[in-house]
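Chain and residue survey
One letter stands for each residue in the lines below.
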Amino acid sequence: MKKNLFKIITAILSIIFVILAITLITMKVINGKEKEDKDLLMSKITDELSFIDYNIIDAMNKLNNISVTRYKVYTKTINSGDDSSNSKSAGGNSNKGNPETSESGSGKQSSSEENSGDSSSSEKGQSSGDSSSSGSENKSSGGSSQNSPGNSNGNSEKETDLTLVNSLTETDEKEPDWDTITNIYENILSTSPTTQLDLKKAGIDNEHLENINIHLNGIAQSILNKDKNSCLVNLYNLYSNIPTYMEILSSDEYTTNLYSTKMEILNAYSLANSNKWMEITNSIKSATEKFEKIVSSAKNQKEKNNLDKIYAMIKNLESTVALNNKNIFYMQYKSVMQEISNL
């Protein structure tokens, strides 16, 4: 009797143990799947916010005809053979017999351009294509190298030229390219429904999401009216949502502070169009405080040195405000945003 009771108890305990084990495993799988789905959603949102970040800054810069590109790298091919008959045997033109050399003109140059300052532009495959004089100059130097008397052994080698691009700004003297700005706006508008849906899934409330549509409508109205000042303000207002979303959704303080820094600098930039220098000073000071937190989070000395350099540039931008000169401020702004875009 005792043995039967023992067997029954053992069987019951075994069943309970199996049920508990299955429950724990199921919960672990479900939790793991939920975490994976959450991570994937957050990764998608991060990319979507980065897309908005890039396009808003691009549109705001274009409203004042500002480009952050400072130089381009061109690659050209040099023939270094010593037998000129090689060229003649190729039909009197060395370029015909060498596909790589034949592409070293303007077509090859445009495909091998690299922008130093606008990392976002390079990441998204944007080409600046704004220096025809530099291109023709480089093309010419490439041709002289290929036909140089000392270069005729049939071998080829590549040489890289660093060509500076005109970095002067044009502000009120030139009307913005409203067609290009409209295209950028349409890029943002086309992705907005998906971004809003993902933000809602992640936990952003409807009140915050409604701000997106309000600002998008404001931008559209400004573009239709060709009102530069209003467009700058509305673009900035749309951008100001990004740090808010990151603060709510992410524990990544570095990225949140970086967006907050850019937000304050963009606010100052939008205010410069109206010469509101006192408010500009406050925004740059706030940007400095935000960026100090980024500097303090540096993981190694090399990173700290780079962050210290940008911090010094922001401080220099702050001192520029005292000059009350919009064009000088824009030039300093451009340098700062160029460096920040590389982070």
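To keep things clear, this report deals only with the structure shown in the data block. (Residues numbered from 1 in each chain as written. Predicted model: local features only at pLDDT ≥ 70, side-chain atom pairs only at ≥ 80, totals over all residues. Heavy atoms only, no water.)

**Some thoughts on the overall build of the chain**
Our working definition: The numbering of helices and of strands both runs from the N terminus, where a helix is a DSSP run of H or I of at least 4 residues and a strand a run of E of at least 2. Only protein chains enter the area calculation, which uses a 1.4 Å probe; residues under 20% of their type maximum are buried, those over 50% are exposed, and those in between are partly exposed.
Across its full length, the chain holds 15 helices and two strands. Counting only residues that meet the buried cut, the chain has 40% of its 343 residues in that class.

**Structural notes on the nonpolar core**
The condition is simple: Nonpolar core, defined: a set of buried Ala, Val, Leu, Ile, Met, Phe, Trp, Tyr and Cys residues in which side-chain atoms within 4.5 Å join the residues together. Note on contacts: a residue pair qualifies if any of its non-hydrogen atoms lie within 4.5 Å across the two residues.
Ranked by size, the top nonpolar core spans 59 residues in total, and within it Ile 265, Ile 280 and Phe 329 carry the most contacts. Examining the composition of this core, we find that 10 residues originate from one element, helix 1 (residues 2–63), more than from any other. Excluding residues within four positions of it along the chain, Ile 265 makes contact with Ile 284, Ala 287, Ile 314, Leu 317, Tyr 333, Val 336, Met 337 and Ile 340.

**Observations regarding the packing of aromatic side chains**
Test applied: Only centres within 6.5 Å qualify two rings of Phe, Tyr or Trp (six-membered ring in Trp) as a pair; their planes then separate them into stacked at under 30 degrees, edge-to-face at over 60, and tilted for everything else.
Within the structure shown, the criterion is met by five aromatic pairs. Between Tyr 269 and Tyr 333, the aromatic rings sit 4.2 Å apart at their centres with planes inclined by 10 degrees, giving stacked as the arrangement. Highlighted residues: Tyr 269 in helix 12 (residues 253–272) and Tyr 333 in helix 15 (residues 326–340), separated in sequence by 64 residues. Summarising the burial analysis for this pair, Tyr 269 and Tyr 333 share the class buried. Ring-pair connections join several aromatic residues into one group, and the members of that group are Tyr 269, Trp 277, Phe 329, Tyr 330 and Tyr 333.

**A few points about a nonpolar patch on the surface**
This is how it is decided: What goes into a patch is any residue over 30% in relative accessible area without a salt bridge, connected to like charges within 9 Å or, for nonpolar side chains (Val, Leu, Ile, Met, Phe, Trp, Tyr), within 5 Å. To be clear on the numbers: accessible area is Shrake-Rupley with a 1.4 Å probe, and residue cover counts the displayed protein chains and nothing else. Basic side-chain nitrogens of Lys or Arg form a salt bridge, by our definition, when they fall within 4 Å of a carboxyl oxygen of Asp or Glu.
Among the surface-exposed residues, Leu 5, Ile 8, Ile 9, Ile 12, Leu 13, Ile 16 and Leu 20 lie close enough to one another that they form a single nonpolar patch of about 660 Å² accessible area. Mapped onto the fold, Ile 12 is located in helix 1. Residue classification places Ile 12 among the partly exposed residues on the basis of a relative accessible area of 45%.

**Remarks on the side chain of Thr 256**
Inspection of the secondary structure assignment puts Thr 256 in helix 12. The contacts of Thr 256, once residues within four sequence positions are left out, are Pro 243, Met 246 and Glu 247.

**Structural notes on the pattern of salt bridges**
Applying the stated criterion to the full structure yields six salt bridges. Where Asp 308 meets Lys 304, a salt bridge forms, and the shortest distance between an N and an O atom there is 3.0 Å. Separated by four residues within a single helix, Asp 308 and Lys 304 lie in helix 14 (residues 301–320), roughly one turn from each other. The partly exposed category is assigned to Asp 308, whose relative accessible area is 30%. Note that Lys 315 and Glu 318 form a salt bridge whose closest N and O atoms lie 3.7 Å from each other. Taken together, the residues span about one helical turn, with Lys 315 and Glu 318 both in helix 14 at a distance of three residues. Assessed through its relative accessible area of 36%, Lys 315 is described here as partly exposed. Judged by its relative accessible area of 18%, Glu 318 is buried.

**Quick notes on the environment of Met 337**
With respect to the secondary-structure elements, Met 337 resides in helix 15. Its relative accessible area of 5% is what places Met 337 among the buried residues. In the structure, Met 337 is positioned 71 residues away from Leu 266 in sequence and 9.2 Å away in space, judged by C-alpha atoms. In this structure, Met 337 is in contact with Ile 57, Lys 262, Ile 265 and Leu 266, ignoring residues within four places of it in sequence.

**A look at the packing of helix 11 (residues 241–249) against helix 12**
Note the cut-off: Only the stretch in contact is used when a helix axis is fitted, and all axes are lines through C-alpha atoms; the angle between N-to-C directions ranges over 0 to 180 degrees. Working definition: roughly parallel below 35 degrees, roughly antiparallel above 145 degrees, roughly perpendicular at 65 to 115 degrees, and oblique for all remaining angles. Two helices crossing with the near one rotated counterclockwise from the far one by less than a right angle form a left-handed crossing, whereas a clockwise rotation gives a right-handed crossing. Three classes are used, and their members are as follows: Ala, Val, Leu, Ile, Met, Phe, Trp, Tyr, Cys and Pro are nonpolar, Asp, Glu, Lys and Arg are charged, and the others, Gly among them, are polar.
Following both chains from N to C, one finds helix 11 and helix 12 inclined at 165 degrees, their axes separated by 9 Å at the closest point. When the axes of helix 11 and helix 12 are compared, the pair comes out roughly antiparallel. Read as a crossing pair, helix 11 and helix 12 show a hand that is left-handed. Residues Ile 242, Pro 243, Met 246 and Glu 247 of helix 11 pack against Thr 255, Thr 256, Tyr 259, Ser 260 and Met 263 of helix 12. For the contact of helix 11 with helix 12, the per-class residue count stands at five nonpolar, three polar and one charged.

**As for the side chain of Glu 48**
Note the threshold: The charged-residue count follows a simple rule in which Lys and Arg add positive charge and Asp and Glu add negative charge, with His and chain termini not counted at all.
Positionally, Glu 48 belongs in helix 1. Within the buried set, Glu 48 has no salt-bridge partner at all; the shortest N-O distance to an opposite charge, 4.1 Å, is to Lys 44.

**Quick notes on helix 10 (residues 228–239)**
Counted only if it meets this: What a helix is expected to span follows from its residue count: subtract one and scale by 1.5 Å. Contacts described as polar in this section are N or O atom pairs within 3.5 Å, which, within protein, must combine one atom able to donate a hydrogen with one able to accept it, while residues neighboring in sequence count only if both atoms come from side chains.
In this model helix 10 runs 16 Å from its N-terminal to its C-terminal C-alpha over 12 residues, within 8% of the 16 Å that 1.5 Å per residue would give. The backbone nitrogen of Asn 229 lies 3.3 Å from a side-chain oxygen of the residue at the head of helix 10, namely Asp 227.

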